[in-house]
There are 2 protein chains.
Amino acid sequence: MTKEELYQNILRKRSFLCVGLDTDIRKIPEHLLRDDDPVFAFNKAIIDATADICVAYKPNLAFYESMGVKGWIAFEKTVKYIKENYPDQFVIADAKRGDIGNTSAMYARTFFEELDIDAVTVAPYMGEDSVTPFLGYEGKWVILLALTSNKGSQDFQLMEDKSGERLFERVLRKSREWADDNRMMYVVGATRGRAFEDIRRVAPHHFLLVPGVGAQGGSLEEVCKYGMNKSCGLIVNSSRGIIYADHTERFAQAARAAAQEVRSQMGETLNHPSLTT
Amino acid sequence: MTKEELYQNILRKRSFLCVGLDTDIRKIPEHLLRDDDPVFAFNKAIIDATADICVAYKPNLAFYESMGVKGWIAFEKTVKYIKENYPDQFVIADAKRGDIGNTSAMYARTFFEELDIDAVTVAPYMGEDSVTPFLGYEGKWVILLALTSNKGSQDFQLMEDKSGERLFERVLRKSREWADDNRMMYVVGATRGRAFEDIRRVAPHHFLLVPGVGAQGGSLEEVCKYGMNKSCGLIVNSSRGIIYADHTERFAQAARAAAQEVRSQMGETLNHPSLTT
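Everything in this summary refers to the structure shown in the same document. (Residues numbered from 1 in each chain as written. Chains lettered and ligands numbered in written order. Predicted model: local features only at pLDDT ≥ 70, side-chain atom pairs only at ≥ 80, totals over all residues. Heavy atoms only, no water.)

1. Observations concerning the pattern of salt bridges
All names here are of chain A. If you walk through the whole model with that rule in mind, you get 50 salt bridges over all chains. Note that Lys-140 is salt-bridged to Asp-116, the shortest N-O span being 2.5 Å. Of this pair, Lys-140 sits in the loop between helix H6 (128–131) and strand E5 (141–147) while Asp-116 sits in the loop between helix H5 (101–114) and strand E4 (119–122); the two residues are 24 residues apart in sequence, bridging distant segments of the chain. Residue Asp-116 is classed as partly exposed on the basis of its relative accessible area of 39%. (Salt bridge = Lys/Arg side-chain N within 4 Å of Asp/Glu carboxyl O. Helix = DSSP H or I, 4+ residues; strand = E, 2+ residues; numbered from the N terminus. Buried < 20%, exposed > 50% of the residue type's maximum accessible area, 1.4 Å probe, protein only.)

The structure is reproduced here in structure tokens:
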């Protein structure tokens, strides 16, 4: 999917919401456990209930890998289901991979060629040759960790060099030499508030994937105020707040209501005159 | 496995070799492709041919995940086979994971509880709460990326703060607050030579997992000279140099010969008087 196609989907749906499919078999409604594949059954219901309200889905690989082979089957079925039934959805494999070149190349082939996923989250610690193997695929994206939403992000990401540049800013600056805003996005936690201004100084045109709204306490209003650019430039993820909005047989309707609630807040910001329409 | 048990295995086998099971179905001998599970058949033959010469095996998750469900089956069978037949082997899942707490906890459960793997490689970029969920398991290990062997390691790992501390040194220093040398090891690329002296200044007693000998051009002699401590403190990995030593039906014997060659070099260094025996 191109950057322009993603932006047009956002304008059409009045939404830049990404639903995080962090599906934990211990948290899904009991009646689904009778299904052959409870995790896929849960995802399918959530997807059908939210596809017209969001522009992206982000299955977190850990939740599937933790179930071993069964989990991989559920993951592949989920991706295939979205691709076949909702081709306008931007599918992000939240994998946070990052390894030496030949290994990263294996991951790239898996996610982009075999599963036709649109984007993969990648960790920058190992540098250029751990990231570039993901960049050789037309219409596919790397979403590089920059400034994450968790407490531990302060341990290293805010490290400052002699010139005052912080690690996350170096990640932004260096990675811009590897790919532009048509192939690369960045993860920036919603809990970062004003830091979005610093991010936009280095990466004014890139899309940012923003986790941490809701359960992790980030403010959508602040994210939009400091992070939005003229082609929106934001994909805001919510996982637990939407998929676990209810634990009864009404879980899918509840997820839809929760997603609509977020979209209604987004809709207003999308009226902003600075946006090019 | 405890640090002392690992050291005793090293002394008994006169080896601190880890065989990297980076098994690529496009590189294994043709006759194995007739097998129901060629990747497992290859791994089993390599393991049976090398288990008395090495102290650890390191399957790289990417090579298995790139095969989807089939790959996960081969990975789980491989781990199970080692555990059941060679219980003195230290099994490392080279996964380079690192995510927010609840996600890292999912990974920890998969690798340590469900698969009974001894150690997992973890990326430090997201900081303390992305690493600590892996530290709550008795006899299980985190192997944290510190200074890797690839070219891109220079992009961020060598970043220097105002006090002159480099990122990889900060990773060593900070992570020592999270766990000691009985629960934590570090990845240090064999291509680093003298940098091992800097590493040992910050982490004198820890075991280091050292990739990059062989195919990537690292020198075993230098690694031992600058990196060895009084309980060896090194696990040196070789992958391609051993498992792809030969591509005919003799691949397993060739792998054994290649492993023996590395061990013979290691044996000499293990006579060093500084080692406590």
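Let's pick the thread back up.
2. Focus: unusual backbone geometry
Residues and elements named next belong to chain A. Non-glycine residue Lys-96 carries a positive phi angle of around 50°. Looking at the element boundaries, Lys-96 is found in strand E3 (residues 90–97). Positioned with a positive phi, Cys-232 is a non-glycine residue whose angle comes to about 70°. Along the polypeptide, Cys-232 turns up in the loop between helix H10 (220–227) and strand E8 (234–238).

3. Side note on the interface of chain B and chain A
Chain B puts 56 residues into the contact, and the matching count from chain A is 56 residues. Note on chain B versus chain A: buried area summed over both sides is about 5,200 Å², and carbon and sulfur give 58% of it. Considering only the surface of chain B that becomes buried against chain A, B:Tyr125, B:Phe156 and B:Met159 emerge as the three largest contributors, covering 18% of it. Two residues, B:Lys96 and A:Asp99, come together in a salt bridge whose shortest N-O distance is 3.0 Å. At the boundary of chain B and chain A, one finds 26 residue pairs in polar contact (both at pLDDT 80 or more). Among the elements of the structure, helix H3 (61–65), helix H4 (68–85), strand E3 (90–97), helix H5 (101–114), helix H6 (128–131), strand E5 (141–147), helix H7 (153–156) and helix H8 (167–175) of chain B are those that each provide at least two residues to the side of chain B that touches chain A. At seven residues, H5(B) tops the list of elements feeding residues into the side of chain B that touches chain A. In terms of residue class, the side of chain B that touches chain A is made up of 21 nonpolar, 14 polar and 21 charged. (Contact = heavy atoms within 4.5 Å. Buried area = accessible area lost by both parts, 1.4 Å probe. Polar contact = N/O pair within 3.5 Å; in protein donor to acceptor, adjacent residues only side chain to side chain. Nonpolar A, V, L, I, M, F, W, Y, C, P; charged D, E, K, R; others polar.)

4. Description of the environment of B:Ala74
With respect to the helices and strands, the residue B:Ala74 is situated in helix H4. Here the alpha-carbon distance between B:Ala74 and B:Met228, two residues 154 residues apart in the chain, equals 34 Å.

5. Quick look at H5(B)
Residues and elements named next belong to chain B. Relative to the 20 Å expected for 14 residues at 1.5 Å per residue, H5 spans 19 Å between its end C-alpha atoms, a close match to the ideal helical length. What H5 keeps buried is the set Thr-103, Ser-104, Met-106, Tyr-107, Ala-108, Thr-110, Phe-111 and Phe-112. Remark: Asp-116 follows H5 within two positions and exhibits a positive phi of approximately 55°. (Expected span 1.5 Å × (residues − 1).)

Nothing here speaks to function; it is all geometry.
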